[in-house]
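# A look at the structure
Next come the chains, spelled out residue by residue.
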Amino acid sequence: MTRKRFDDIGCSIACALNEVGDWWSLLVIKQAMLGTRRYGDFQKSLGIAKNILCDRLSRLVENGVMTRVDVGEHGTRYEYRLTEKGRDLFAVVVALRQWSERWNGNKDSMQLVARTSGEAIAQVAVQDRDGEVLTVRDVLFVDSDGRPIEQAG
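Here the structure is a predicted model, which means the values were calculated and not measured.

Of the regular secondary structure elements, the chain holds six helices and four strands. When the elements of the chain are put in sequence order from the N terminus, they spell out α-α-α-α-β-β-α-α-β-β. The C-alpha atoms of the chain give a radius of gyration of 19 Å, which is well past the 15 Å a tight globule of 153 residues would have. Taking the principal axes of the C-alpha coordinates as reference, the chain spans close to 60 × 45 × 30 Å. Counting the 153 residues in the chain, one finds 21% classified as buried. Once local pairs closer than 6 in sequence are excluded, the contacts in the chain between residues at least 24 apart make up 40%. Carbon together with sulfur atoms contributes 52% to the accessible area of the chain, which is approximately 11700 Å² in total. Within the chain, one finds 22 positive and 22 negative side-chain charges whose respective centroids are separated by 8 Å.

This is the structure we're talking about:
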C-alpha cells in the first residue's frame with residue numbers, strides 16, 4: 001500500500017508528516033533516542049517486521065533524520081544514529097508521550113528525568129517570549145502578511 005504524500009498542500013505539518021508521519025518511524029526515532037543503533041536491536045526491541053524496519057530506516061536516512069554509519073566490525077556493519085534534525089524531534093516525541101499519558105493513561109513504566117538532577121521533566125508547553133504558557137485559544141494563526149487565517153466552516 002502506497003502512502004499518500006502531502007507535497008502539494010503547502011503546510012509545515014504536512015511536510016513533517018512526509019518525513020516522519022507514521023507510527024513505526026516515530027517509534028524507531030524514540031528507540032534511537034534510547035540509544036539503540038543496530039538494525040537487529042531495533043527489530044528486537046520494537047518487534048517490527050524486517051521489511052518494514054528496512055523501509056523506515058532507509059526513509060529516515062534519506063530524509064536526513066538518521067545517518068547510517070559503517071562501524072566496520074567483522075566486515076561491514078552499520079549503525080543508525082540520529083542527526084541533529086532527528087534529535088530536534090525530541091520535543092515532539094516527549095509532547096506525544098505526555099499527551100498520551102494525559103488522555104490514554106500511562107502505558108509503560110518509563111519515566112523521563114533530567115540527567116543532572118534526576119527530577120521528572122516538566123510538561124512540554126508552548127510559551128510566549130516571556131515564558132507564559134499559551135493554549136490554542138491564546139494564539140492567532142496569521143499569514144505571511146500578518147493577516148489572520150480563518151477556516152470557513
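Let us now look at the packing of helix α2 (residues 23-33) against helix α3 (residues 39-46). Closest axis-to-axis distance for the α2/α3 pair is 11 Å, and the angle between their directions is 115°. What the angle tells us is that α2 and α3 run roughly perpendicular. The two elements α2 and α3 cross, and the hand of that crossing is right-handed. Contacts between α2 and α3 involve W24, L27, V28, Q31 and A32 from the first element and F42, S45 and L46 from the second.

The next subject is the nonpolar core. Membership of the largest hydrophobic core comes to 17 residues, with the highest contact counts inside it found for V28, I29, F42, L57, L60, V65 and M66. Contributions of two or more residues to this core are made by α2, α3, α4 (50-62) and β2 (78-82). Considering each element in turn, this core owes the most residues, four residues, to α2. Contacts of I29, omitting those with residues within four sequence positions, involve V20, L60, V65, L82, L89 and V93.

What follows concerns the packing of aromatic side chains. Overall, the coordinates contain zero aromatic pairs when judged by the stated rule. Seen from the ring of Y78, R68 lies directly overhead, with NZ or CZ sitting 3.7 Å from the centre.

Overall, the prediction assigns the chain a mean pLDDT of 89, with 92% of residues at 70 or greater. Mean pLDDT values over the elements of the chain span from 84, in helix α1 (residues 12-20), up to 98, in helix α5 (residues 84-87).

With 13 residues, α4 extends 18 Å from end C-alpha to end C-alpha; this agrees with the ideal 18 Å at 1.5 Å per step. Looking only at α4, the buried set comprises L53, R56, L57, R59 and L60. Looking down the long axis of α4, one finds its buried residues gathered within 165° of arc, a one-sided arrangement. In α4, the exposed residues that point more than 90 degrees away from the buried face are K50, N51 and E62. Within two residues after α4, G64 carries a phi angle of roughly 80°, on the positive side.

Turning to α2, its buried residues number three or more, namely W24, S25, V28, I29, Q31 and A32. The buried residues of α2 occupy an angular sector of 160° when projected down its axis, which confines them to one face. Those residues of α2 hidden inside the fold are in contact with α1, α3, α4, β1 (66-70), β2 and α6 (90-104). A positive backbone phi angle near 110° is found at G35, which sits one or two residues after α2.

Reading guide: rules and limits
Residues numbered from 1 in each chain as written. Predicted model: local features only at pLDDT ≥ 70, side-chain atom pairs only at ≥ 80, totals over all residues. Heavy atoms only, no water. Helix = DSSP H or I, 4+ residues; strand = E, 2+ residues; numbered from the N terminus. Rg over C-alpha atoms; globule rule 2.2 N^0.38 Å. Buried < 20%, exposed > 50% of the residue type's maximum accessible area, 1.4 Å probe, protein only. Contact = heavy atoms within 4.5 Å. Areas by Shrake-Rupley, 256 points an atom, 1.4 Å probe, with all protein chains shown as cover. Lys, Arg positive; Asp, Glu negative; His and termini not counted. Charge placed at Lys NZ, Arg CZ, Asp CG, Glu CD. Axes fitted to C-alpha atoms, helices over the stretch in contact; angles between N-to-C directions. Parallel < 35°, antiparallel > 145°, perpendicular 65-115°, else oblique. Left-handed = near helix turned anticlockwise from the far one by under 90°. Core = buried A, V, L, I, M, F, W, Y, C linked by side-chain atoms within 4.5 Å. Phe/Tyr/Trp six-rings, centres within 6.5 Å; stacked < 30°, edge-to-face > 60°. Lys NZ or Arg CZ within 6 Å of the ring centre and 35° of its normal. pLDDT = per-residue confidence, 0-100. Expected span 1.5 Å × (residues − 1). Arc of directions from axis to C-beta.

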